[in-house]
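So you can see what is in the structure, the chains are spelled out below.
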Amino acid sequence: MHNTCLDYIICKYRAKLRELGIELIRVLLWTDNAPNQYRCRQTFIQVASVELRHPGIKVIHRLAVVDNFKGIHDAVGKDPSRTVKELENIGIRSPNAFMVFVNCIQHLETFDTKWDVYEEKQDIRLKDKGRFGMSERVMLFVVETKEDFNRLAAQYPGRILLCDRSSIQDTINDKCIVGTTQLHEVRSIETSIPRVEGSQSDEDDDEVDDNEEEDNVDDNDEEVMKRIRHWRALCSDLPCNCVPCNIFEEEVQAGLVNILDSEADVANIQCQYHPWRNTRIEIMKGYVHLEPTTPSSQSREEYLASQETIEAMEDDQNQSTESDCRSTPANQSTESDCESIPNARIYID
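The model shown is predicted, which means the values in this text are computed figures rather than measured ones. (Residues numbered from 1 in each chain as written. Predicted model: local features only at pLDDT ≥ 70, side-chain atom pairs only at ≥ 80, totals over all residues. Heavy atoms only, no water.)

**What about the overall build of the protein chain?**
Move 1: When you go through the protein chain residue by residue, the secondary structure sums to 13 helices and seven strands.
Move 2: Counting over 349 residues, the protein chain shows a buried share of 34%.
Move 3: When contacts within the protein chain are restricted to residue pairs at least 6 apart in sequence, those whose partners lie at least 24 apart make up 75%.
Move 4: Accessible area for the protein chain stands at about 22200 Å²; split by element, carbon and sulfur atoms hold 50% of it. (Helix = DSSP H or I, 4+ residues; strand = E, 2+ residues; numbered from the N terminus. Buried < 20%, exposed > 50% of the residue type's maximum accessible area, 1.4 Å probe, protein only. Contact = heavy atoms within 4.5 Å. Areas by Shrake-Rupley, 256 points an atom, 1.4 Å probe, with all protein chains shown as cover.)

Written as structure tokens, this is what we have:
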């Protein structure tokens, strides 16, 4: 469920930032140490294989350091609990999880805040927002079956997420990363989707993946079960935000340092905590038939290509409409009809 929510958040902010002309390239995720939610192989292979779902994005997953952690998200779950209790006191029941979702939409969801006004006016009071300020709060509901999703999605469009537990990405033989209990940072480092083990070429991999229908996969088929992919992840026993580590991160992002090079030092030796971080590359082997068949969001190249296509179609449509306006007799067309065309064009852009 948490991986489903993370995919939604990445899609949401990738689209939101693109409206501002900004491309999302890195996601920094802080969580606690819950072993069945975050510190587990299913979560780590999702981080390592983020290139499958969000091409061009890297995820840095940092887990709580004992006795030295209090995230800005901590205790957020108490807000719905408090809301439910307050509603119970006035006779509004929340007998199940779905009714908690429905009641929180009405009594807890927030969109219009003073922070948006301050940001729009570049008001200096925006600095008071700090880390705990919230511009909006949106309620979502996660279901586990396609039947529930289809039933509720029409009633609450854009708010229902599907976590299909019949196909959860996992590692071979349930193998976890060595030293999982000591890990406090896992980073995705793949810049492209690795080849399927045993295939002759990347073209063969693409052909098989494109033609393979999820509904036709037989988990007992030996050939299917043999198809695996090796996902590399950069793991550390301690997270670090010191200046040398930030500089090292920028150099990696700029391509000045290639941590995938077998001769490269994957750790930042300038960091004073380098000896204790124990940074290394771990390989997680995952089944191909459990991977998502389509990305959750478009890569930068695909997005730009789609925008060019939309603009070209709008240009053709506007030229056709302008031609119709010029060819229409004066008694059948008003000046405002033709003037509305460029306004529509600007709105769409």
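**What to know about the nonpolar core**
Move 1: Ranked by internal contacts, the top residues of the largest apolar core, which has 22 residues, are Ile10, Phe44, Val59 and Val186.
Move 2: Sorting elements by how many residues they give to this core places helix H2 (residues 41–48) first, with four residues.
Move 3: With near-sequence residues (within four places) excluded, Val186 lies in contact with Phe44, Val47, Val59, Ile60, His61, Ala233, Leu234 and Cys235.
Move 4: By size, the runner-up hydrophobic cluster in this structure holds 11 residues, among which are Val102, Cys104, Leu108 and Phe141. (Core = buried A, V, L, I, M, F, W, Y, C linked by side-chain atoms within 4.5 Å.)

**A few points about the state of the cysteines**
Move 1: In the structure shown here, the tally under the stated rule is zero disulfides.
Move 2: With no disulfide of its own, Cys5 lies 8.2 Å from the sulfur of Cys163, the closest cysteine sulfur. (Disulfide = S-S within 2.5 Å.)

**Thoughts on the confidence of the model for the protein chain**
Move 1: Put simply, the protein chain has an average pLDDT of 78, and 79% of its residues get 70 or more.
Move 2: Taking the mean pLDDT of every element in the protein chain, the minimum, 29, falls on helix H13 (residues 335–348) and the maximum, 93, on strand E3 (residues 141–143).
Move 3: Within the model, pLDDT remains below 50 along residues 199–217, and this stretch shows 16 contacts once partners closer than five positions in the same chain are excluded.
Move 4: Taken together, the stretch residues 330–349 has pLDDT below 50 and engages in 11 contacts with residues farther than four places along the chain or on a different chain. (pLDDT = per-residue confidence, 0-100.)

**A word on unusual backbone geometry**
With the exception of glycine, most residues fall at negative phi, and the peptide bonds are largely trans.
Move 1: Its identity is not glycine, yet Asn173 carries a phi of approximately 60°, on the positive side.
Move 2: Secondary-structure assignment places Asn173 in the loop between strand E4 (160–162) and strand E5 (185–188).
Move 3: Exposure remark for Asn173: the relative accessible area of 69% places this residue in the exposed category.
Move 4: One non-glycine residue, Asp174, lies in positive phi territory at about 55°.
Move 5: In this structure, Asp174 sits in the loop between E4 and E5.

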